[in-house]
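Architecture at a glance
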Amino acid sequence: MIPYNKVHLSGSEEQYILDALLRGQIGGDGYYTAKVEKLIAESFNINKVMMTTSATHALELAMLLIDIKPGDEVIMPSFTFSSTANCVLLRGGKPVFAEVEKETLNIDPSSIRKLITDRTKAIIPVHYAGISCRMDEIMEIAEKNKLYVVEDAAQGVNAAYKGRFLGGIGHMGCYSFHSTKNFTSGEGGALLINTRDEKLLERAEYIRQKGTDRDRFLRGEIGSYSWVDIGSSFSPSDILMALLFSQLQEINAITKERKRVHDFYTELLQKYADRGILNMTKVPQECQSNYHIFYLLFQDMQARNYVMKRLKDKKISAVSHFMPLHSAKMGTSLGFKAEDLPVTEWAAQCILRLPLYPGLSSIELEYIGEELTSILEEL
Ligand SMILES: Cc1ncc(COP(=O)(O)O)c(C=O)c1O
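Residues numbered from 1 in each chain as written. Predicted model: local features only at pLDDT ≥ 70, side-chain atom pairs only at ≥ 80, totals over all residues.

1. Considerations on the overall build of the protein
In terms of regular secondary structure, the protein is built from 14 helices and 13 strands. Once the C-alpha set of the protein is aligned to its principal axes, its extents read approximately 70 × 55 × 35 Å. Here the protein holds 379 residues, and the buried ones make up 48% of them. Taking all contacts inside the protein whose residues are at least 6 apart in sequence as the whole, residues at least 24 apart take part in 67%. (Helix = DSSP H or I, 4+ residues; strand = E, 2+ residues; numbered from the N terminus. Buried ≥ 20, exposed ≤ 12 C-beta atoms within 10 Å, placed from the backbone. Contact = placed C-beta atoms within 7 Å.)

Below is the structure:
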């Protein structure tokens, strides 16, 4: 079976993990955590990077920091992972689901505008597939209405919009280093803070460190640390950060390999897009992709399911993606209905993601290409 995804190992993982173990400091905020935070800050031009145990936790930390309270509304797409909405619900706030654009499956700024009320506190744009949302328009809406923007860049590490790296454009950004992502520590994430608000930066450290001023103590600024705020346990083990450090040293090689596969599919399938049989991943001119996902969008669910099943019979794993949040069990219990967001429903029913990972060989790609095109000719 050709899998949908395979973790790429850079080769130095074992050495760094062993080194972290031998350093004897395997809790949070050790040697490798500092190295990874510095590397991310420098590579992506980010003001403050705080490693977390997941993007889910980075989002939760962000909602704590902007003080989401019962009654507050946060606008986000429905075509996303449950964590984007849960972080708001956990603070007693209300996720408000906006429509996505057909071309990119990213949140539609015109849909955001329609959903703003005097209770709206923030927007969480999700950069789907490693391709940026229209950040200029989103930042303009936020500024006009005095809203926070927290980018869910779980899939957007090393992707950019008009030359700026994703996660570094809104007030805050969240990265994922889950094993399904381009660069991974198995489980892991980061909160990026782009605002220079000193109070917020200080609180971020407290909340991340179980509500204590431990970071200040570790820097030698105070003689002991104590409980100063609410908080939770968001810092990952240094063993995981050693693994991530090894992966992040291969950013360019991993991205180049993913691009190779992405380009192969684009070239192979252009004629079917021209014939109107399908749409495929498009990278708008102002966006630089990290090639996280290559997807096809068929005209209806029957066509998508047919191609998915035929590929599976040929031992090629192509997969669907997000089940929209607004029409899921939790979404409907919050009062949303499937028909509220027709483009989102269409995208979920018609999307098919093709295998994409470094090391997918040209022989395997040729095989996928032959099988896929022969199935598409039947449509
Ligand atoms: C858009 C989005 N947000 C959040 C997450 C959660 O990431 P993590 O698994 O690191 O918590 C994911 C995971 O796939 C995601 O795709």
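2. A closer look at the packing of helix 3 (residues 55-65) against helix 4 (residues 82-89)
As a packed pair, helix 3 and helix 4 sit with axes 9 Å apart at the nearest point and diverge in direction by 30°. In this view, helix 3 runs roughly parallel relative to helix 4, as classed from their interaxial angle. The chirality of how helix 3 crosses helix 4 is right-handed. Facing helix 3, whose interface residues are Ala55, Thr56, Leu59, Glu60 and Met63, helix 4 presents Ser83, Thr84, Cys87 and Val88. (Axes fitted to C-alpha atoms, helices over the stretch in contact; angles between N-to-C directions. Parallel < 35°, antiparallel > 145°, perpendicular 65-115°, else oblique. Left-handed = near helix turned anticlockwise from the far one by under 90°.)

3. Digging into the nonpolar core
Of all hydrophobic cores here, the largest spans 111 residues; its most connected members are Ala62, Cys174, Tyr175 and Leu191. Residue contributions to this core peak at eight residues, all from helix 3. There are two domains that each give this core at least three residues, and those are domain 1 (13-248) and domain 2 (251-376). Those residues within four positions of Cys174 in sequence are excluded, and the remaining contacts are Ala55, Ala58, Leu59, Ala62, Val150, Glu151, Asp152, Ala153, Ala154, Gly167, Gly189 and Leu191. (Core = buried A, V, L, I, M, F, W, Y, C linked by C-beta atoms within 7 Å. Domains from an automatic or database assignment.)

4. Section: helix 13 (residues 342-350)
Three or more residues of helix 13 are buried, namely Thr344, Ala347, Ala348 and Cys350. On its buried side, helix 13 packs onto strand 12 (295-298), helix 11 (301-313) and strand 13 (351-353).

5. Details of the site of the ligand
Around the ligand there are 14 residues in total, and Ser54, Ala55, Thr56, Ala154 and Ser176 lie nearest to it. At the level of elements, helix 3 and helix 4 are the ones that each hand at least two residues to the shell around the ligand. Its residues assigned to classes, the shell around the ligand shows four nonpolar, nine polar and one charged. (Near = placed C-beta within 6 Å. Nonpolar A, V, L, I, M, F, W, Y, C, P; charged D, E, K, R; others polar.)

6. Quick word on the domain arrangement of the protein
Domain assignment breaks the protein into domain 1 (13-248) and domain 2 (251-376). The partner domain 2 presents 28 residues to the 29 residues of domain 1 that form the contact. The residue makeup of the side of domain 1 that touches domain 2, split by class, is 14 nonpolar, eleven polar and four charged.

7. Focus: helix 2 (residues 31-44)
Two residues of an α-helix separated by three or four positions point the same way, owing to the 3.6 residues in each turn. Its 14 residues place the ends of helix 2 20 Å apart at the C-alpha level, agreeing with the 20 Å of an ideal helix rising 1.5 Å per residue. Looking only at helix 2, the buried set comprises Tyr32, Thr33, Val36, Ile40 and Phe44. Within helix 2, the buried residues cover an arc of 105° as seen down the axis, which keeps them to one side. Summarising the geometry of helix 2, the exposed residues directed more than 90 degrees from the buried face are Lys38 and Glu42. The positive-phi residue at the C-terminal boundary of helix 2 is Asn45, with phi of around 55°. (Expected span 1.5 Å × (residues − 1). Arc of directions from axis to C-beta.)

8. Considerations on the packing of helix 1 (residues 13-23) against helix 9 (residues 238-248)
Between helix 1 and helix 9, the shortest axis-to-axis distance is 8 Å and the interhelical angle comes to 150°. Here helix 9 runs roughly antiparallel to helix 1, going by the angle between their axes. Once helix 1 is placed against helix 9, the crossing between them reads as right-handed. Facing Glu13, Tyr16, Ile17, Asp19, Ala20 and Leu21 of helix 1, the residues of helix 9 in contact are Asp238, Ile239, Ala242, Leu243, Phe245 and Ser246. In terms of residue class, the contact of helix 1 with helix 9 is made up of eight nonpolar, one polar and three charged.

9. Here's the deal with the sheet that holds strand 10 (residues 278-280)
In spatial order, the strands read 10-12-13; together these three strands make up an open sheet with antiparallel pairing. Looking along the sheet, the strands with just one partner apiece sit at the ends: strand 10 and strand 13. Taking each pair of neighbouring strands and ignoring which way they run, the sheet shows an average axis angle of 25°. The pairing of strand 12 with strand 13 spans three bridges and is classified as antiparallel. Its bridge partner lying in strand 13, Leu296 is registered against Leu352. The strands that helix 11 touches are strand 12 and strand 13; relative to strand 13, the one it contacts most, it runs at about 25°. (Pairing = 2+ DSSP bridges.)

10. Concerning the sheet that holds strand 4 (residues 120-123)
Judged by pairing direction, the sheet is mixed, and its seven strands sit side by side in the order 1-9-8-5-4-2-3 without closing on themselves. Both edges of this open sheet fall to strand 1 (48-52) and strand 3 (94-98), since each of them pairs with a single strand only. For this sheet, the mean angle separating the axes of adjacent strands, direction not counted, is 25°. By the bridge criterion, two bridges tie strand 4 to strand 5 (residues 148-152) in an arrangement that is parallel. Residue pairing across strands places Ala122 opposite Tyr148, the latter belonging to strand 5. The strands touched by helix 3 are strand 1, strand 5, strand 8 (172-176) and strand 9 (189-193); relative to strand 8, the strand with the most contacts, the crossing angle is about 160°. The strands that helix 4 touches are strand 2 (73-77), strand 3 and strand 5; relative to strand 3, the one it contacts most, it runs at about 145°.

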